Each structure stands twice: as structure tokens, then as C-alpha cells.
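Analysis of the macromolecular model
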Amino acid sequence: MFDDDLPIALPEAAANSAQPTYKISPTDISQFIRLEQCQRYLRLRLHERAHGRKFLDDYGVYPQTIPPLLTRSGQSFEEKVESSVSAGFPARNLAREYSERRVSDNDLVVELAGALPPGEVLVLFQVRLSLPLGRWWFRGDIDILRMERYEDGTLQLLIADMKSSAEAKMEHRLQVAFYHRMLSTLFESARLLHGEISMGILYRGPATPAEDLAPQEAARIAEQHALADRLFGVGEALLEIEPDPTPYLDSVQDLVTGPDSTSQHVVSAHFDDLPYHLTHKCDGCLYNEFCMKWTAENDDLSLVPHLTGLEKEALRRKGVDTVFDLASLKQLRYAKTAAGRSFEGLASSPGKEKVTRQLSGQWGVGHRLDELILRARRYLDWKHFNVESIPYIPSKGHGSLPYCDPEHNPNLVKVYIDAQHDYLQDRIYLLGSLVVAYEDGVEKPEHRRVVRITPGPPTTDEEERTLLVEWIAETLRAVADLVAPDENGAPSAPIHLIFYNRYEQRVLLDALARHLPTILAATPMYDFLTQKAAFDSPVSTFLDDEIRELKNYPMLCQSLQAVSAFLKFDWRSPQNFRSIFRERMFDFWGKLDRSDDEEGTDAWYTNRSRFKSEIPLEYAYSSWGELPLPDTGKADPFEPYRRATADLIIEFQARRLEAMHYIVSHDFHGNRLTTKTPFTLPDLATFSE
């Protein structure tokens, strides 16, 4: 790892304080915002800007690349935009005209802007600017710079960033604000007069048709379509122009250029003092592996499952910096019983009474202190340290999963649901359900799996609509076929839906909302939806919520694949899914260098952040034959995904549903305190589309 005393200033920086000291780019700040303003990311990025990536090599880790499909989608979108713009306006791509090793296009941009005749427009692509702003040396490539000289001689400028996304985001606007500040500074130093500099985002936009949007939203989309067409000749994208760039320009100073900026604090602080925490955001971070290894080696509090960043900082302020520190605050207390002993609670460890008392009354952490101590002890026990732990979280309620026995919900039906979203098309491409029915409180041996995948990327609403209609109809048929009759012989049963997380439910509900009239007309869903709601208990369970509330699993990233594997679910049957879908799903184990005489000899650790449970989209595009062929003589970024076929993805989706059922049946007993209201099922035997 790099030496923290090593400066991250430019090697050529001299004693002259007026000389720019630090390298940075607008994309660095955009990523910083996307990663929830992670100061550790920014510090590592600034260090890399100054000294390269040798510190990663020295530490034995690799930078995590952007998902290749996302990169390819962005490039494809930019190529389409450039083609459309070039067809309607004079345009130049400076990256193509000049070497990628060029230092900057500063002089050329000033020259072209100054020479632009009245009434003319010139659009420049990939404009590289490199110049100082205060103590910071900025370098970045503007995606599009539109220059227009009005007849009165005024030079109007529009800086636009191209994003293959469904919406324009705050970090996109901030990135453009930095380009705005750089361009205005360049023109000011060249004494080149100009009018307003506008900031815009040229983006792909949502897949939802305008007629399905709310009137106000449809009007906004139509206006942005018209702007993209008028200013760039691009009819298939949207152009958002920021009406008031002032707040974003002020943020440039707050984030970087000001004397008390966030970036100035980041470069001045000791590395270990910078706050950071491992969460879902880390799955997409360049320094993913670095932070995971550093965290494991330093026994950092981020290893405690379900700890929040706020709680972590509250603990650190009281001198609790490591998992050991937290675990040692209290000890387990047991009560003697006829069967032996039972867990009774936690008691402060000798010498820790004062700090535990302070933490117990501290806002932000006190109400969860005992839970966090139990989680820390469970982690250390898992790592073979001599620490007692328990596998559950006491006094956390009863959960939403229903209980089933001959007297309680005897003919319960559980429907496990998994939905996979194509973020490039903003539509669902893969749906799966597993129907598990009970009779007289006993699980029936026959399960019904329904898995449907689109034949290719869901580029049209019709493809998604067909997927939904077929999947819903087959799932409801499966429920009707498997349900055990009630005491009157009627097909009436309590039905419970189980998702792994709320994200899967949200993408499914969004898809249903896009096609609701068709779905209600083409399936018996209307009969199902309009019956009496089960107000006595929830209709749905989110399994990750149940895990977080009730279970004391020790691993940091509690994804579907990680939790099920911890409970000994076999991911190598009927196919070796761990191998086929290893990349960004099962590639989260690494090994630390530890001597055998150390306490806790388990050197295995989570070496890549894998909080997410979704299937990486690259596998689906591989199955559809939509991945580009590898370039001769170059590394193939899609190589880890190329084994996937449509049949394998369908099998994997079915296995994921079985993993959810395995978790529930092996480690959750259900809530005995509620009885679910039965649904009267429609007669699906006679149903036909």
C-alpha cells in the first residue's frame, strides 16, 4: 500500500504557492458525487492522478473497471449523436483529428471560436481542456461544445455532456459546471468576448412512451426532444438545459477550488482519518478491491454487517475503531435452564462500563448498540476467534413470513418472484416465479417454476408486454394447479409473495404500470388484485429485510448468492453456476497473507464488494449474441460472460428462486401471531388468452 506520508501534489510543484499543486478532472468529482461523496475514493483518485496506479500493484489489488456493456452503450450512444449532429451542422471530432496523447485543445478552441463568422454554428466533439483553477490543475474532455455566432457578433456557447441514461442526474450537471468554469477561464485569459455559456445534458431518456406519462412529464419530455432536434439535429435524444447554472457553479468552489473546499480537506487529512463506509455504492467503485482488503487487514468497523455510516462515526468518536473494540464492549449473559442455558442478554465487560453507558445514550447509535455488538461478535466467531456469539438478533419482532401448520394457514401458497431489469432499454427482460403450496401444513413435493426471458434486448413495449402477460398467466395457472382445497373443497388459499429485495418488486411494479390495461384485459390478474386485501398480515415479504431484522449472519455483503451459500445451498447443481456466472456474482473471495500461529487463522475475506443480487446484464446480452467480437490483439472485456446462453440463464434464474426457498425453509419459521386472509382463486383451467 502507498505510504500515507507521500504527498499527492504534482511532482513538479515548487515552493511557489501560486503554482497549481493538484491534478483533478471533472469526471473525478462526478464519480465522487455518485459514490455518495466518499472522501476515501477522492483521496485515492487524487493520489493516482499524481503517482499512477503503482500503489494498487504494490498492495496486490486491481482497479475495478466499469461494466463493459455500460461502456459500450455509452460509446454507441455518442456515435449515434455525433452522426446525427454531423448531418445537420459543421462538426469536428478533436479526439479523432489529433492524437489521444495531446496535452490540450486550449489554443485551437480559442482560435476556432474567435474565427467563427456571424450566422455560423460549429459543433466540436471531445474537446480537451487543460488549465489551472487556483491550486488545482484541471484536465477533462468536453463531450460536445456548440459554438454559435449571432448576426450581431455575440458568441453563444453550449456545453453538453452525453449520457446513455434514462434521466439527467445531479452529478452529470456538476460535471458540466466544471467544464463551464474551465471554458470561461480559458476565454477570459485569451481576452475572447462571449455571451452566455449554457449547460446541458444530452441523454437517451426513458423508454416509457409519451402517451403513458403524466401530462406535465410528457410536456417536459416533448420540450427536451424539440431542443435536442433544434440545437443538435438529434431526434432520438433529449436535451436538458439548466435554467440557472449558478448553484452548480458555486459548488465548483465548495467542492474543489475554494480554500476550505471538500477536496482541500481530503488532500490535507491523514488517510486513516478520512471517513468511509462500505455499502452498495462500493459495487461500482474503481477502488473496490483496495478498500475491501484494507478493511479486512485493519479490522475496520465496516466489516460489521448492516452497520450504517452514521453509526460507525458515532462509535469512532468514542474510540471504538475496530470490530474487536466493538465486540469487547459487552459479554454474553446466560441463564441456567433445565436443558442447560439460554441467552439472557448482554452485560458490560469489565472496564468498559463508562464507554458503553455513553454510547447507550448517544443519538444515532444507542438504540442499536447491543445489536451491533452481537453482529461484531458473530463476525469474529465466524473468523475462528475465541468469541462467543449467537446466530440471531433477539427482540427484533416476528417478521412478515407466514407460519404454516395443520391449524395455521394449512393450505398456504408461497410465490417466490425474481425480476431482472435491462437498464439499457429500461424494461424487464427476465421474470421468474416458484410456486410452493402446502396441504394440511405440509409442503407439497411438487413445485412449479415459471421462467420467461425475452428473445433479445427488450427494445419495444410489445416485447415487455408479451413477457409480462405470459409470465403472469402461467404463474396464476401454477397457483391454481397446486393449491390444496380448503375445508369446504373450494380453491381458496392464503397467498404470500416473496421477493429477495425491494428493488426487484419496484422494477416489476414499474413494468406492470406501463402495461396495466393490457395485463388486466389479457390475464385473470384483475380478479386476483380486486379481492379483499389481507390487512391482518403483509401480502409480500422482502427477504433481505427479514435477514437484516432477524438474522445475525456474519458476512459483510448479504446478497442472495452469499446468504444462500453461507447456508450451504449448492450453486454447483445442476450446472456449475458459480463458475459460469462468476464475474461480478461469485467472485467475492480473496485470501490474506497470515501466519498459521495467528488467532483466527481463517485468512479468507470478502475481497470484492458484491452487495447486489441482480444478474449482470452482460450475461443476457451474451445469450442473445449481442456482444461485439473481441478486437484482434486486445483483451476481451466480455470474455467472462461469453459462456452464458439463454438456456443457462433460464436455469440460473430457476436456481435463484430455489435459493430463496432454501433460505426461507432452512432458517425462517414464520410468524405464528398472524393468520393470512385466503384469496378466492379464479378458475384458470378454462382461461385462454
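On a predicted model such as this, the values are computed, not experimentally measured, just so you know.

Moving on: the overall build of the chain. Along the backbone of the chain there are 25 helices and 19 strands. The C-alpha atoms of the chain give 29 Å as radius of gyration, which agrees with the globular expectation for 689 residues (26 Å, within 12%). Along the first, second and third principal axes, the C-alpha set of the chain runs to 90 × 70 × 50 Å. A buried classification covers 55% of the 689 residues belonging to the chain. Intrachain contacts of the chain at a sequence separation of at least 6 include 71% that bridge at least 24 residues. A total of about 31300 Å² of accessible surface is found on the chain, and carbon and sulfur atoms cover 50% of it.

In this section: a positive patch on the surface. Taken together, the side chains of Arg317, Lys318, Lys354 and Arg357 present a region of like positive charge at the surface. Following the sequence through the fold, lysine 318 ends up in the loop between helix 12 (309–317) and helix 13 (323–327).

Turning next to the packing of helix 16 (residues 461–482) against helix 17 (residues 502–514). Interaxial distance between helix 16 and helix 17 falls to 10 Å at its minimum, and their mutual angle equals 110°. Compared by their axis directions, helix 16 and helix 17 come out roughly perpendicular. Of the residues in helix 17, those in contact with Glu464, Leu468, Trp471 and Ile472 of helix 16 are Leu508, Ala511, Leu512 and Arg514. The residue inventory of the contact of helix 16 with helix 17, partitioned by class, reads 6 nonpolar, no polar and 2 charged.

This paragraph deals with the confidence of the model for the chain. Averaged over all residues, the pLDDT of the chain is 90; the fraction at 70 or higher stands at 92%. Residue range residues 10–17 is modelled with pLDDT below 50. Its contacts to residues more than four positions away, or to other chains, number 12 contacts.

With that out of the way, let us pick up the packing of aromatic side chains. The description of an aromatic ring pair rests on the distance of the ring centres and on the angle between the ring planes. Scanning all chains against the criterion turns up 29 aromatic pairs. The rings of Phe569, Trp571, Phe577, Phe581, Phe586, Tyr619, Tyr641, Phe652 and Tyr662 are connected pair by pair, giving a single aromatic cluster. Sitting over the ring of tyrosine 276, arginine 40 keeps its end group 3.8 Å from the ring centre. Over the face of the ring belonging to tyrosine 276 we find lysine 312, whose NZ or CZ atom lies 3.8 Å from the ring centre.

Further remarks concern unusual backbone geometry. Of note, the bond from serine 573 into proline 574 is cis; its omega dihedral lies within 30 degrees of zero at 0°. Assignment of secondary structure puts proline 574 in the loop between helix 21 (560–566) and helix 22 (577–580). Despite not being glycine, aspartate 426 has its phi angle at roughly 55°, a positive value. By relative accessible area, which is 18% here, aspartate 426 ends up buried. A positive phi angle, near 55°, is found at aspartate 440, a position not held by glycine. Looking at where aspartate 440 falls in the secondary structure, it is placed in the loop between strand 11 (427–439) and strand 12 (442–443). On the basis of relative accessibility, which here comes to 54%, the residue aspartate 440 falls in the exposed class.

Conventions and cut-offs
- Residues numbered from 1 in each chain as written.
- Predicted model: local features only at pLDDT ≥ 70, side-chain atom pairs only at ≥ 80, totals over all residues.
- Heavy atoms only, no water.
- Helix = DSSP H or I, 4+ residues; strand = E, 2+ residues; numbered from the N terminus.
- Rg over C-alpha atoms; globule rule 2.2 N^0.38 Å.
- Buried < 20%, exposed > 50% of the residue type's maximum accessible area, 1.4 Å probe, protein only.
- Contact = heavy atoms within 4.5 Å.
- Areas by Shrake-Rupley, 256 points an atom, 1.4 Å probe, with all protein chains shown as cover.
- Patch = residues over 30% accessible without salt bridge, like charges linked within 9 Å, V, L, I, M, F, W, Y side chains within 5 Å.
- Salt bridge = Lys/Arg side-chain N within 4 Å of Asp/Glu carboxyl O.
- Lys, Arg positive; Asp, Glu negative; His and termini not counted.
- Charge placed at Lys NZ, Arg CZ, Asp CG, Glu CD.
- Axes fitted to C-alpha atoms, helices over the stretch in contact; angles between N-to-C directions.
- Parallel < 35°, antiparallel > 145°, perpendicular 65-115°, else oblique.
- Nonpolar A, V, L, I, M, F, W, Y, C, P; charged D, E, K, R; others polar.
- pLDDT = per-residue confidence, 0-100.
- Phe/Tyr/Trp six-rings, centres within 6.5 Å; stacked < 30°, edge-to-face > 60°.
- Lys NZ or Arg CZ within 6 Å of the ring centre and 35° of its normal.

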